[in-house]
Structure formats: structure tokens, C-alpha cells
Amino acid sequence: MPDTEPLLLTTPLTEAKARALRAGDRVRLNGIIFTGRDAAHRRLTALLDAGEPLPVDLHDAILYYVGPTPAPPGFPIGAAGPTTAGRMDAYAPRLIRECGLRGMIGKGARRPEVVQACIDYGAVYFGAIGGLAALLGQCITAAEVVAYPDLGPEAIYRFTVRDFPLVVVNDTLGGDAYRDGRRRYAAPPPP
Amino acid sequence: MPITRTLNAADITAAVAALCGQAARVAPPEMRAAVADAVAREASPAGQDVLRRLVENYDVAARTGLPMCQDTGLAILLVEIGQDLHVEGDLEAALHAGVARGYAAHYLRKSVVNHPLRRVNTGDNTPAILHLRVVPGDRLRLVLLPKGGGSENAGALQMLKPADGAAGVMDFVVARVSAEAVNACPPLVIGVGIGGNFDTVAFLAKEALLRPLGTPNPDPEDAALEAELLQRINALGIGPAGFGGTVTALAVHVATAPCHIASLPCAVTLQCNANRRAEVVL
């Protein structure tokens, strides 16, 4: 992966842009993304159940699974690396299907239902490097809470990101960068 | 009349608050060195790139004061209190207050909810997880081990049967790491507790993480177990950040304890690349 230049990607992430991405592609993301993790997902789903509008428009949007640290003086936000995406698997297919969510950023593997929703509706799951939070925080140039301030670190933020480094993990064809990488480097089983 | 040393609870609170800031921002030197050294052992160029960036992340955290990881964790405090020490005030309250003060003062994330099902954020990262132990002497030793939720969720406990033996222990540990490492921010340090009972085996695994990185178990057979586990884990191919590679774990630390004739308790805890620790002796 590091031997080629990363692809430049800007939001909004349209279906055409999403379908052009391939598992393993390195990406530098620029534009606007929203944050959301466990508690926010639960509230968004409750609004869908009630037939009420969401506080953010997820159509062609990217959700970053993160709970940042508070912004110290002079910083737009604190540390902001990815959280484990698998905890959002229970919610993600519905947001993709019903709200047009186009991209997700997190770390760790997704369940088959999420991979299938990416195929069916043209969405992409991006992996960020878990533990790279101080560096990733510095790729966020503006941050604003747009919903659920009572949730503290689990509030929904609107981030402006510049050259945010990502790898396409699950693409729209069923590709999986974690699976491919693991197969490439797994030692053969002992005889 | 024996002479007793006195420590004021307010001083303990201040010390804990300082540990919170230090642990979140400054990687232990041996952890930074272990990640940097792993570049040479990593076969995958992408994995090497991840390792180099993680070292840069440690340095940026130390330089800017931003936490190295946004999950500044549950605050696990291991407290050794000298039996000849007198604490003026409420020790446990002082420890929790130190966590609350430190997480606020150092702009750390408050990641604790008040009830596992009702889930309202307590707003100050308390309560901390306290492990208190009385030891000889008149000192107070505080070790802070902030542990993120993603890697904590990857741990597991199994009550194996004595007949399962070392092979059963290894199969259990490797299967868990195989299933969960990608979620737990590799490269990892793996803590394995074997023995004790249901209560204590998980803590054994946690305590094993505190052994200085790179020092093998003093028991040669347990050290051999560590080496074989590390080899099998790194043969999985998961690699740094899970993108494939030969360095999934930097070390496996095994800790053992005597146990019941019927039991073989085993616990595994996965520690992420933000392997944070800070300590002070008062």
C-alpha cells in the first residue's frame, strides 16, 4: 500500500465515488464528516423507529466512529482516533439503506450484514489506524457539536478534515482489506 | 509508641491527577522502543508504515500534550499501601478524586457510564477501578493503567479443565487473539493469567501486562509458553492495524498462580498499542 500515492477523496461521498473505490486503496479524505458512536446510533435508530427526522442529513455522508477527547486551548479538537466499528454493526445497515449513509470510518472487522449493505447500496467502510489519535486529531481543522451534547464524548460532531489518512476496508464489491492482508501474511499451518 | 509516617489525602489526590495526564500523553519508553524496533521485523510495507506512524504519534502526543489515544480509558489504579503508613483522610475517595481532577485538568475523555444498562456518563471518568494491597513499609505506591474499551472488550476468561493443559491454554489464547486482534489496535501486548480462581485469573492477566516489556517470565517453562504463544500469534498474519503483517503482538506475558485441583482458570487480555502506564511512590 505505501508504494503508491493515496487517492484524494472529497465529501460528499457520492455513490459513483464510492463504487470507484477498492479494498486496500489508501485515501486522503477532505471535507465534512460527522461523528457517531454507540449512544448516538441508538438515538438515531429510535428516531427512525418513530418516523421522525434525524438531526443530521446522512445522505452521501460519512460517519466517523469516534469519541474525541475535549479540545485543549488552541486546538479545534483533542485526540480523535477510530473506535471499534463492530459495535455499530447492529445499526449501520439500516442507516445505509434508509438514510443513504455512504461511508463509515472505524477500526476492526464488520459483520456480513454490513458488508452486504455496502454491496447492495454502494457504501464503503474505511479503516483508520487505531491508536493514531494525536496525529488524526491534527487532521481535523474544525469541530462543532451538532446533536446530543448531553452525551459528552458520544455527541454527534461535525468535523472538517484535511488529508485524513484512511484505507478502504470494505468496498462495494465485497472486497475486504483486513481479510486480504491477513491471507497475504499468515504463516502456513505447521505440518 | 511506634513511629508512623503520615500522608495527607489531598497529596494523594494531586499525585493521581498528575499520573492521569502523564499516562495519557507520554508512552513508556520501552513501549515506544518496542514499536520502533518492530519495524525491522515487519514483513509488510503497510505494516511498517503503521508502526512508524505510531512512533510519530507517541512523539506528537508527548510534544503537543494531546493524548496518544482518544480513549483515555477506565483508570485502573493498583495501590500498594505500606502497613506502617497512616493516611490522613479517606484513601479511596482521594484516589477517585484524583482521577476526576486529572481527567478534567488534562482534557482527557470521560468514558464511564453510571450503570451498564441505563448508561448515563458520570462526567468525570469516575469511579476508577481500584486494586488495593497492603505491603510492608511506610510508602504508598500508585500505578495507573488506563485501559481503553476496544481492547478491553477483546479479552476473555475460560475455566479450562486440568486435562486441557498447556495445549488447551494456548489454543484458547490464540483463538481469542485470532478473532479479536483486529479490533484491539495491534501491535498488541498480550497478558495471560493462568490459575488462581474465577475471581483472580482476570487480574493475573492484567498484572502480567505490568511486567517490563521484553523481560521474559522468570520460570523457564512459562517463558517457553510465552515464546510459543508469541510465535503462533504473529503467524496469524493480522499485522499492525490489522492490515496484514508479521507483527500482531510485541510480547506475550504469562502470569500464573496456584489453583484448585479441579480447575485450570485462564484469562487473556489484549493491550493495545497505546500501552499506557504511569507510577509514583509517595
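Anything mentioned here points back to the structure above.
Residues numbered from 1 in each chain as written. Chains lettered and ligands numbered in written order. Predicted model: local features only at pLDDT ≥ 70, side-chain atom pairs only at ≥ 80, totals over all residues. Heavy atoms only, no water.

A. Representation of the overall build of chain A. Across its full length, chain A holds six helices and seven strands. For chain A, the N- to C-terminal ordering of α and β elements is β-α-β-α-β-α-β-α-β-α-β-β-α. The globule rule puts the C-alpha radius of gyration for 191 residues at 16 Å, and the 16 Å found for chain A is close to it. For chain A, buried positions account for 58% of its 191 residues. In chain A, of all internal contacts separated by at least 6 residues, the share reaching a separation of at least 24 is 64%. Carbon and sulfur atoms provide 55% of the accessible area of chain A, an area that totals close to 7,600 Å². (Helix = DSSP H or I, 4+ residues; strand = E, 2+ residues; numbered from the N terminus. Rg over C-alpha atoms; globule rule 2.2 N^0.38 Å. Buried < 20%, exposed > 50% of the residue type's maximum accessible area, 1.4 Å probe, protein only. Contact = heavy atoms within 4.5 Å. Areas by Shrake-Rupley, 256 points an atom, 1.4 Å probe, with all protein chains shown as cover.)

B. Spotlight on the interface of chain A and chain B. Every contact between the two is made by 45 residues of chain A and, on the other side, 42 residues of chain B. Among the residues chain A hides against chain B, the three largest losses belong to I129(A), R182(A) and Y185(A). Together they make up 19% of the total. In this structure, the connection of chain A to chain B is made through zero salt bridges. The interface formed by chain A and chain B includes 13 residue pairs in polar contact (both at pLDDT 80 or more). Among the secondary structure elements, those contributing two or more residues to the side of chain A that touches chain B are α5 (133-137), β7 (156-170) and α6 (177-185) of chain A. Here the element with the most residues in the side of chain A that touches chain B is α6(A); it accounts for four residues. (Buried area = accessible area lost by both parts, 1.4 Å probe. Salt bridge = Lys/Arg side-chain N within 4 Å of Asp/Glu carboxyl O. Polar contact = N/O pair within 3.5 Å; in protein donor to acceptor, adjacent residues only side chain to side chain.)

C. View of the packing of helix α6 (residues 165-180) of chain B against helix α8 (residues 220-234) of chain B. Residues and elements named next belong to chain B. Two elements in contact, α6 and α8, have axes separated by 10 Å at closest approach and are oriented at 35°. Between α6 and α8 lies a crossing whose hand is right-handed. Here A166, M170, D171, V173, V174 and V177 of α6 come into contact with α8, specifically with L225, E228, L229, R232 and I233. Here the contact of α6 with α8 is built from residues that sort into eight nonpolar, no polar and three charged. (Axes fitted to C-alpha atoms, helices over the stretch in contact; angles between N-to-C directions. Left-handed = near helix turned anticlockwise from the far one by under 90°. Nonpolar A, V, L, I, M, F, W, Y, C, P; charged D, E, K, R; others polar.)

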